[in-house]
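Here are the chains, one letter per residue:
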Amino acid sequence: GDNAVPRLAENPVMPSEPYKPKNSFIPQCFFFTARALHLSVVSGSSYHMGILRQVNNTAWQLRQRNENAQSDPNFNHILSMQYANEVSLLAPEMIADTLRFLNLTARFLVRIDDSQLALMPEHFVDDICDLTTFISRVEPKTMQGLDLGNIFKMVVKLLSPKYAHTVRNYNLRAKLGDVLYEVYLPPNVDGSSSVPRSVSCDPLTGGQPYLLSDASAQETLAPSLLLLYGEVEHTGYYEKMSHRAHIAALLKYLWESTEHRNAFRRITQNKESFIKFANGIMNETNSLIASVMEKLPEIRRVQVQMANPQQWAALPEEQRETITSRHEENERDVERALPLCNKTLQMLGYLNTDDDIRNLFLLEEMCSRLVNMLLHVLTKLVGSKGLELKVDNPENYNFRPKEMLRDLCAIFASFSSAHEFQVECAKSGYYNTDLMTKSVKTCRKLNLLTGESMELFESLAEKVKTA
């Protein structure tokens, strides 16, 4: 019946007249194909990702037991399932035809009337997101030469504030942001994508990236991503960190382009919305830093313990297993949290290079929270317990303390001339002169800031004294 599948919008207004096209064959073929893909290729891709996770998990467990994966029958069985699945699911012709149909579906969703858009099956958009991200991760080379411009336009349209009330499924909206990151953020921008550059660029604009050249993106994408940053809070604790790291990378790319600068400036005109976004950033940073700074010393203690073979071997086997399990859990948590933590600090830094945005952070309801958050992070990085953070192979956890300190001190420098900021520093319980002196010395020693930025940061302590 009409309600057999969920609609894109919640409680859409149903048409008074049934749909009766002159030629019903083509629409029937289109909708049957979309439904067939949903029940076959889309579910197959989800099944395949499950197999890949099982392969990786089984291999990891065997390594932990110092066993050979190649001689393990269970591992080889799972691996054979993976290879068998890939024969049909990842056939190049199948992938190309699927992506062409998805691009056609996106074109249909871009052009359809808004009242009809709300009635479309939700899985149309869900399937486009799932399959494009799946292929971009598993078999990106097969995307070479394919035109996926309509998918980009559909994503920009559905993320825009105008359609925020049409697509109310937060998980689906988060997937739209992931598509932008996985498929349309040019390769090497964030160091992760293997998608051919031709996919992310518009041939009609001389090969410029869609993110920069598309007129609708220039108008709406920056505010859309700021809105999405808050919405993904509802997707789950670990999921939101991945989504927000992607959004932060996209925002940084847009910020660095002149094409989007006007859109960022317009954001400041909606004071209430921006303050909500800014508070979210500061809450996120505080939470992430607290979690990371709690777990890094624990990781270091276990690393030191394991580095002494005699001491480690002297522990009962059950205790070693408990310590190892907790250690691996801490490592996973830190690996998840730090990419977002790094990008959030960077976002605070580049946003506040704009005078209008910086003035919003200096508002009475914002400034004290900003100061306390910055000083809290600074205390963790250069305070008396900083040595506890010196874990082995920090890059494995995305822990880059020098870069974090550089970004943090650059934020202090950008606000150092503001009297409101100086007053709040003086009032903060986190502030002390020794902390600032040590931070300045560390910055100079490591050459983290140069020129005017270094001078502004160095002058802050004296300005706080007289505030």
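Sequence order sets the numbering: in each chain, residues are counted from 1 along the sequence as written. The model is predicted, so local features are restricted to residues of pLDDT at least 70 and side-chain atom pairs to those at 80 or more, both for listing and for counting; the totals for chains, interfaces and linings are taken over all residues. Hydrogens and water molecules were not included; the side-chain quantities draw on all heavy atoms of the structure.

1. Digging into the overall build of the protein
Argument step 1. Under the scheme used here, helices are H or I runs from DSSP no shorter than 4 residues and strands are E runs no shorter than 2 residues, and both carry numbers assigned from the N terminus. Of the regular secondary structure elements, the protein holds 21 helices and 2 strands.
Argument step 2. Principal axes of the C-alpha set define a box for the protein whose edges measure 80 × 60 × 40 Å.
Argument step 3. Buried, partly exposed and exposed residues are distinguished by accessible area as a fraction of the type maximum, computed with a 1.4 Å probe on protein chains only: under 20%, between the cut-offs, and over 50%, respectively. Every one of the 467 residues in the protein was classed for burial, and the buried ones make up 50%.
Argument step 4. In the protein, of all internal contacts separated by at least 6 residues, the share reaching a separation of at least 24 is 76%.
Argument step 5. The Shrake-Rupley method, run with a 1.4 Å probe sphere, supplies the accessible areas, and residue values consider only the shown protein chains as cover. Element-wise, carbon and sulfur atoms account for 49% of the exposed surface of the protein, whose accessible area totals about 23500 Å².
Argument step 6. When charges are tallied, Lys and Arg are placed among the positive residues and Asp and Glu among the negative ones, while His and the ends of the chain are skipped. By convention, the charge on Lys lies at NZ, on Arg at CZ, on Asp at CG and on Glu at CD. Across the protein, 50 positive and 56 negative side-chain charges occur, with their mean positions spaced 2 Å apart. The contact criterion used throughout is that any non-hydrogen atoms of two residues lie within 4.5 Å.

2. Focus: the environment of arginine 197
Argument step 1. Within the secondary structure layout, arginine 197 lies in helix 8 (residues 197-200).
Argument step 2. We classify arginine 197 as partly exposed; its relative accessible area is 47%.
Argument step 3. Separated by 77 residues in sequence, arginine 197 and methionine 120 have C-alpha atoms that sit 31 Å apart.
Argument step 4. Setting aside residues up to four positions removed in sequence, arginine 197 forms contacts with Pro186, Pro187 and Pro209.

3. Overview of helix 20 (residues 433-446)
Argument step 1. A helix is expected to span 1.5 Å for every residue after the first. Between its first and last C-alpha atoms helix 20 spans 20 Å; for 14 residues at 1.5 Å apiece the expected length is 20 Å, and the two agree.
Argument step 2. Against the buried residues of helix 20 lie helix 17 (364-382), helix 18 (401-415) and helix 21 (451-466).
Argument step 3. Pairing of N or O atoms within 3.5 Å defines a polar contact, subject to two protein rules: one partner must be a possible hydrogen donor and the other a possible acceptor, and residues neighboring in sequence count only if both atoms are side-chain atoms. Here helix 20 starts with a cap whose side-chain oxygen sits 3.2 Å from the backbone nitrogen of aspartate 434, and that cap is asparagine 432.

4. Observations regarding the state of the cysteines
Argument step 1. In plain terms, two cysteine sulfur atoms within 2.5 Å form what is called a disulfide here. Using the criterion set out here, one finds 0 disulfides in the structure.
Argument step 2. In this model cysteine 425 remains outside any disulfide bridge; the closest cysteine sulfur is found in cysteine 367, 7.6 Å from its own.

5. Considerations on the packing of helix 19 (residues 419-427) against helix 21
Argument step 1. Every angle, taken between N-to-C directions, lies between 0 and 180 degrees, and every axis is a line fitted to C-alpha atoms, over only the stretch in contact when it is a helix. Helix 21 packs onto helix 19 with a crossing angle of 75° between their chain directions and a minimal axis gap of 8 Å. Looking at the two axes, helix 19 sits roughly perpendicular to helix 21. Residues Phe421, Gln422, Cys425 and Ala426 of helix 19 lie in contact with helix 21, whose contacting residues are Leu460, Lys463 and Val464. Should an angle fall under 35 degrees it is called roughly parallel, over 145 degrees roughly antiparallel, and 65 to 115 degrees roughly perpendicular, with every other angle called oblique.

6. Thoughts on the packing of helix 3 (residues 92-111) against helix 5 (residues 122-138)
Argument step 1. Packing of helix 3 against helix 5 brings their axes to within 10 Å, and their N-to-C directions diverge by 140°. Seen along the crossing, helix 3 lies across helix 5 with a hand that is left-handed. Where helix 3 approaches helix 5, its residues Ile95, Thr98, Leu99, Leu102, Thr105, Ala106, Phe108 and Leu109 are matched on the opposing element by Phe124, Val125, Asp127, Ile128, Leu131, Thr132 and Ile135.
Argument step 2. Taken together, the residues of the contact of helix 3 with helix 5 break down into 11 nonpolar, 3 polar and 1 charged. Should the near helix be turned counterclockwise from the far one by less than a right angle, the crossing is left-handed, whereas a clockwise turn marks it as right-handed. Note on residue categories: nonpolar means Ala, Val, Leu, Ile, Met, Phe, Trp, Tyr, Cys or Pro, charged means Asp, Glu, Lys or Arg, and polar means any other residue, Gly included.

7. Describing empty space enclosed by the protein
Argument step 1. Of the grid points, spaced at 1 Å and generated over the protein atoms alone, those admitting a 1.4 Å probe that cannot get out make up cavities, while open sets with protein on both sides within 12 Å along at least five of seven lines make up pockets; any residue with an atom within 4 Å of a point is treated as lining. Grid points are joined across faces, edges and corners, and a volume is the space filled by probe spheres set on the points. Inspection of the entire model under this criterion finds 4 cavities of 30 Å³ or more.
Argument step 2. Empty space within the largest cavity amounts to approximately 60 Å³.
Argument step 3. Every residue along the wall of the largest cavity is listed here: Ala34, Leu37, Val42, Phe101, Leu102, Thr105, His123, Phe124, Asp127 and Leu131.
Argument step 4. With 4 residues, helix 5 is the largest single contributor of residues to the lining of the largest cavity.
Argument step 5. Split into classes, the residues belonging to the lining of the largest cavity amount to 7 nonpolar, 2 polar and 1 charged.
Argument step 6. Of the voids in this model, the second largest cavity is the one considered here, and its volume is about 50 Å³.
Argument step 7. Within the residue set of the lining of the second largest cavity, elements represented by two or more residues are helix 3 and helix 5.
Argument step 8. In terms of residue class, the lining of the second largest cavity is built from 8 nonpolar, 1 polar and no charged.

8. Structural notes on unusual backbone geometry
Trans peptide bonds make up the majority, and among non-glycine residues the majority have a negative phi.
Argument step 1. The backbone of asparagine 398 sits at a positive phi, close to 65°, despite the residue not being glycine.
Argument step 2. Of note, asparagine 398 is situated in the loop between helix 17 and helix 18.
Argument step 3. The backbone phi angle of asparagine 447 is positive, close to 55°, even though this residue is not glycine.
Argument step 4. Note on placement: asparagine 447 falls in the loop between helix 20 and helix 21.
Argument step 5. Taking the relative accessible area as the measure of exposure, asparagine 447 reaches 53% and is therefore exposed.

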